[in-house]
Amino acid sequence: MRMRAINLDRDWRFREGTYQQCLNESDFGKKVNLPHDYMIEGEVKEDAAAKAAMGFYTGVVGCYTKILSIPASWEGERILLYFDGVMLNASVEINGCDLALHHYGYTPFFVEISSYLYYGENNRIMVRVNPSMQPNSRWYTGAGIYRSVTLIHTPKLYIAADGIFLYTNRIVRDQDGSPKEAYLCAEVSLGNDTTDDRLVNVSVHFSEDVCRSAKVLVKAGAKATARIPVTVIQPKLWDAENPYLYQVTVEAEELGIFGSRLVPATDHAMRDTDTVSFGIRTITADAIHGLRVNGQEVILKGGCIHHDNGLLGAVSLYDSEYRKLRLLKDSGFNCVRTAHNPPSAALLAACDHIGMYVFNEAFDAWGIAKQPGDYSQYFRDHWKEDLDAFIRRDRNHPSVLFWSTGNEIPERGGLNNGYHLALELAEHIRKLDQTRLISNGLCTYWSGLDDKTVKENTEHNTQEDFVRQWEKHSEPFASMLDVVGYNYMDFMYESSGKLYPERVILGTESFPMQIDKVWDKVENLPHVIGDCTWTCFDYIGEAGIGKSAYLDPDANPDDQGPSPFISAFPWRLANDADYDINGNLRPQGVYRRIVWGSSQTGLYSYDPAVFDRKEWVSAWGWPDVSSCWNWKGQEGKPVKVVAYSAAREIELRLNDRVLERKAAGKENRYMAVFDIVYEPGILTAVSFSQGQEISSCTLCTSGEPAALRLTADRQVLPADGHGVCYVTVEVTDKEGRIVPGARPALQAEVASPAKEDVCETGWLAGFGSSSPITTENYTTGQCTAYQGQAMAILRSGYKPGNLLLKIKAEGLPDASLEIHVE
């Protein structure tokens, strides 16, 4: 049977350097398996051009080489390379011939290579990457072929690349509300690279008993689209709670050459087959009923995510994306916003399977730059092809509810022909897909029109006038959208709803410390369909935007504090999320759970050493509290303790003594603050409603570090080069309790039978802590524990076997565990 799609991630060679340096056939560089991010392998530098925006990483030119043998029997057929994402400015060469230059690092692209191959012989693929124009982003981008590469092999009469589009027109329900029928449509784009007109039968196999077909004529050297209605009886619907997926197979079979009559095809008739996953569901949104998926109301509990995967850098693997989404869903999230670019195919596949709605974003910049080397320099000439690639790849994913044309685009007030561009992009998307909602993340005019708006606001000196001015300039931009994204403008939700009664609003970014106030508006305003916090998972770059600082005793924390956008070396992480980069739930994540309805109690303390100092917290940050009751040397000194709960009261106990009971719940912003005296032992917060204990949380003073504890999230990895295992490393006392203040130097190594650049069985793909301030390299196997923890990430190779992870720390017994690759 023909292998239409062949994964090419295995056995590439990589080296840094210019084009001429990479042409040395005796040294194509080290062996790597894709996806691969070479930026994360480098050292951070204080003089990095992008500074904190990129986490002090730098971009240099690199080159990937792969030697590929193509069977002689494939000659005369159609062969393409498919890149899901290459960062940045990728040029693709086959056997010395330059075939493609793709600038945008986040969109997929195809390169047809049929005419440039040596059939029955080895061929050299070279991909040159140039992210050196720095700064080119407002966050960490990574560098290299950081998503998968696929070889596509078809006959000359074929189903076009990303040429299958399935969508749901209507769902009919029985009297009891269960789905009775689903009326669908399959649009299949076909291509004909032969010199004759061909009649083709296109069949869509939706399930064992549902198969529909249509005949279509495809002219020589042209394309055509078959449009095939499909009815599914008693369909299983897709939504976040029940993410049911159908596997749909589409087959195109040549019937013959068509001129004045049909000349039937011979035994060598051309056939092409492709398979896609699909979920049956409908979407609507209006200002009265809000967002509805399959006719049922949905409120989006969302979070923004950047594309990196922490210690792995920009590398996108299904297992890593799935783990991240699983953690978010367990906390109550049902939506992610891919800020501010198209995500990987792996992330969307994980969203489909786990049940996570997606706000799918295209661009962070149009024609006006935010950074000197960003996409703005290519937007004018390439936005259509990039938007095409983005939409066509993603439009079968049921998880995708929204297409976003951009984020905080400077053209949002009409500058640079912004109103017309907003219309052009929206119209172009609707040509490709009319089944989803179009949006854009708007904010106040901190660029461009801000001078005029702020001046007029100062003169009128009322928020109402400010809102009026904002609406005046943004209406021609926002009117092109189905749902208007508001970044940090929850103070305008009610007034915008009155001014524009049909406007549907999504909070596309909000401040973590305002979640209770924002969520109250979401729950009470039907035209506001949800909120996306900035952010739900920490990331590299935009370093320190969520930091806090302690000020002098006489300072006013309401005055201008340290700028969140200027963070000194070696700040690396944003430090602004519900989860840190290693997947540990932070205090703000517990608080959000409680605001969203959890009955749990959260308990945290400040360091007694800062009791008398005033704290400045960035708007994107969270107070500097931690799950720690180890304050050695601070005995008898005052300490501030914070407890979170939706219950009416919280009682604080220390070593079995009741200290105090305070009001909590929504009326008190779900928290109570206690000033007590530090005493080692057991500190407990108990939540009460109507005299009944609801939940509790405890902090314990642990002993001295005595051991290392390793906990793997899985024991077996597939031998497919893409399997990932996360191993939590914890420093514990002799009782097995984490020692939160422990910061030993740790060393990790993976032993296996193979001894190569990239181990055939697997390797240590990342090792590090979630410390936001560090110079440590995540790829060297050495790090310092942070809050008593670190993380080791193992990645499988292509050869079955065992991986033995060993962790060492001076003064502590070694720890190890074994992972099987099969």
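Position numbers for residues count from 1 along each chain, tracking the sequence in the order it is written. Predicted model: local features are reported for residues with pLDDT of at least 70 only, side-chain atom pairs are reported and counted for 80 or more only, and whole-chain, interface and lining totals are derived from all residues. Working from all heavy atoms in the structure, the side-chain values ignore hydrogens and water.

It is worth spelling out the overall build of the chain at this point. Comment: elements are numbered from the N terminus, with helices defined as DSSP H or I runs of at least four residues and strands as E runs of at least two. Broken down by element type, the chain carries 10 helices and 47 strands. In summary, the chain has a C-alpha radius of gyration of 28 Å against a globular reference of 28 Å for 822 residues, a match within 12%. Seen through its principal axes, the chain has C-alpha atoms that stretch 95 × 65 × 55 Å. Burial classes follow relative accessibility: with a 1.4 Å probe on protein chains only, a residue under 20% of its type's maximum area counts as buried, one over 50% as exposed, and anything between as partly exposed. In the chain, which comprises 822 residues, the share counted as buried stands at 58%. A sequence separation of at least 24 residues applies to 73% of the contacts in the chain between residues at least 6 apart. Of the roughly 32,600 Å² that the chain leaves accessible, carbon and sulfur atoms contribute 48%. Within these notes, the globule rule equals 2.2 Å times the number of residues to the 0.38 power, and the radius of gyration is based on C-alpha atoms. Contact definition: two residues touch when any of their heavy atoms are within 4.5 Å. Every accessible area reported is derived by Shrake-Rupley at a probe size of 1.4 Å, with residue values counting cover from the shown protein chains alone.

For the rest of this paragraph, the subject is the pairing of strand β22 (residues 300-305). Side-chain direction in a regular strand flips from residue to residue, so the side chains alternate between the two faces of the sheet. Within β22, five of the six residues are buried, which leaves it mostly tucked inside the rest of the structure. Should DSSP find at least two bridges between two strands, the strands are regarded as paired. Where β22 lies against strand β29 (residues 528-533), four bridges are found, and the strand directions are parallel. Paired with K301 across the two strands is D531, which belongs to β29. Where β22 lies against strand β23 (residues 335-338), four bridges are found, and the strand directions are parallel.

In this section: the sheet that holds strand β15 (residues 223-233). Spatially, the three strands line up as an open sheet ordered β11-β12-β15, and their pairing is antiparallel. Of all strands in the sheet, those with a lone pairing partner are β11 (157-173) and β15, marking the two edges. Across the sheet, the mean angle from the axis of one strand to that of its neighbour is 15°, orientation sign disregarded. Taken together, the 11 bridges between strand β12 (residues 179-192) and β15 define a ladder with antiparallel strand orientation. Counted as the bridge partner of E181 is I233 from β15. Between the N-to-C directions of two axes lies an angle of 0 to 180 degrees, each axis being a line fitted to C-alpha atoms and, for a helix, fitted only over the stretch in contact.

A few words now on the side chain of N89. With respect to the helices and strands, N89 occurs in the loop between β5 (78-83) and β6 (90-94). Definition of a polar contact: a pair of N or O atoms within 3.5 Å, with one able to donate and the other able to accept a hydrogen when the atoms are protein atoms, and with sequence-neighbouring residues admitted only if both atoms are side-chain atoms. In terms of polar contacts, N89 uses its side chain to reach the side chain of H103, at 3.0 Å. In this structure the side chain of N89 is engaged in a polar contact, spanning 3.2 Å, whose partner is the side chain of Y378. Once residues lying within four places of it in the same chain are set aside, the contact partners of N89 are L101, H102, H103, R128, V129, N130 and Y378.

Now for empty space enclosed by the protein. To find the voids left in a structure, one rolls a probe of water-molecule size over its atoms. Only protein atoms enter the 1 Å grid used here, on which a cavity is any set of points holding a 1.4 Å probe that cannot leave and a pocket is any open set flanked by protein within 12 Å on both sides along at least five of seven lines; residues with an atom within 4 Å of a point are listed as lining. Grid points are joined across faces, edges and corners, and a volume is the space filled by probe spheres set on the points. A full pass over the atoms with the stated rule returns five cavities of 30 Å³ or more. Roughly 250 Å³ of volume is contained in the largest cavity. Around the largest cavity, the lining comprises 22 residues; the ones closest to its centre are Y104, Y106, N136, D374 and Y375. Computed from the structure, the second largest cavity encloses a volume of approximately 90 Å³. Looking at the lining of the second largest cavity residue by residue, the class counts come to six nonpolar, six polar and three charged. Ten residues, namely Ala, Val, Leu, Ile, Met, Phe, Trp, Tyr, Cys and Pro, are considered nonpolar, four, namely Asp, Glu, Lys and Arg, are considered charged, and the remaining ones, Gly among them, are considered polar.

Below, the discussion takes up the nonpolar core. By convention a nonpolar core is built from buried Ala, Val, Leu, Ile, Met, Phe, Trp, Tyr and Cys residues, the set being connected through side-chain atoms within 4.5 Å. F363, W366 and L387 are the most contacted members of the largest nonpolar core, which has 75 residues in total. The next biggest cluster of nonpolar side chains, apart from the first, holds 55 residues, and it includes V44, A50, F56 and I540.

Take the sheet that holds strand β44 (residues 782-784) next. Strand order across the open sheet formed by five strands is β40-β47-β46-β42-β44, with mixed pairing between neighbours. Bordering the open sheet on either side are β40 (716-717) and β44, each of which pairs with just one other strand.

A few words on the side chain of S316. Tracing the backbone through its elements, the reader meets S316 in the loop between β22 and α2 (318-330). Residue S316 is classed as buried on the basis of its relative accessible area of 7%. Of the polar contacts made by the side chain of S316, one reaches the side chain of E321; its length is 2.7 Å. Sequence-distant contacts of S316, defined by excluding residues within four places in its chain, comprise P35, Y146, R147, N309, E321, S344 and A346.

A few words now on unusual backbone geometry. The omega torsion across M87 and L88 is 20°, close enough to zero to call that bond cis. Among the structural elements, L88 can be located in the loop between β5 and β6. In this chain, W534 is followed by T535 through a cis amide linkage whose omega measures -10°. Take T535: it is sitting in the loop between β29 and β30 (548-551). The backbone of E408 sits at a positive phi, close to 45°, despite the residue not being glycine. On the accessibility criterion, E408 (8% relative accessible area) is buried.

Summarising the element assignment, D538 is placed in the loop between β29 and β30. Using a relative accessible area of 4% as the deciding quantity, one classes D538 as buried. Along the primary structure D538 and V218 are separated by 320 residues, whereas in three dimensions their C-alpha atoms are 49 Å apart. Ignoring sequence-local partners within four residues, the contact set of D538 consists of L573, A574, N575, D576, A577, Y579, D580 and I581. Looking at D538, its side chain comes within polar contact range of the main-chain nitrogen of N575, at 2.8 Å.

Pairing of aromatic rings covers Phe, Tyr and Trp, the last through its six-membered ring, and needs centres within 6.5 Å; plane angles under 30 degrees mean stacked, over 60 mean edge-to-face, and all others mean tilted. Using the criterion set out here, one finds 40 aromatic pairs in the structure. Plain terms: the ring middles of W622 and Y644 are 6.2 Å apart, the flat faces sit at 80° to each other, and that makes the pair edge-to-face. Placement of the pair is W622 in the loop between β32 (614-617) and β33 (638-644) and Y644 in strand β33, with a sequence separation of 22 residues. Take W622 and Y644: they sit in the same class, and that class is buried. The rings of Y104, Y106, F363, W366, Y375, F379, W383 and F477 are connected pair by pair, giving a single aromatic cluster. Our definition puts a charge over a ring when NZ of Lys or CZ of Arg is within 6 Å of the ring centre and also within 35 degrees of the ring normal. Its end group placed over the ring of Y183, R170 keeps NZ or CZ at 4.5 Å from the ring centre. Sitting above the plane of the Y500 ring, R503 keeps its charged end 4.2 Å from the centroid.

On to the pairing of strand β31 (residues 602-605), then. Taking every second residue as pointing to the same face, both faces of β31 are buried, with G602 and Y604 on one and L603 and S605 on the other. Strand direction decides the pairing type here: β31 and β33, joined by four bridges, are antiparallel. Within β33, the residue paired with Y604 across the bridge is V642.

With that settled, the discussion passes to the environment of L812. Structurally, L812 can be placed in strand β47 (residues 812-821). The buried category is assigned to L812, whose relative accessible area is 11%. It is 9.1 Å that separates the C-alpha atoms of L812 and V731, two residues lying 81 residues apart in sequence.

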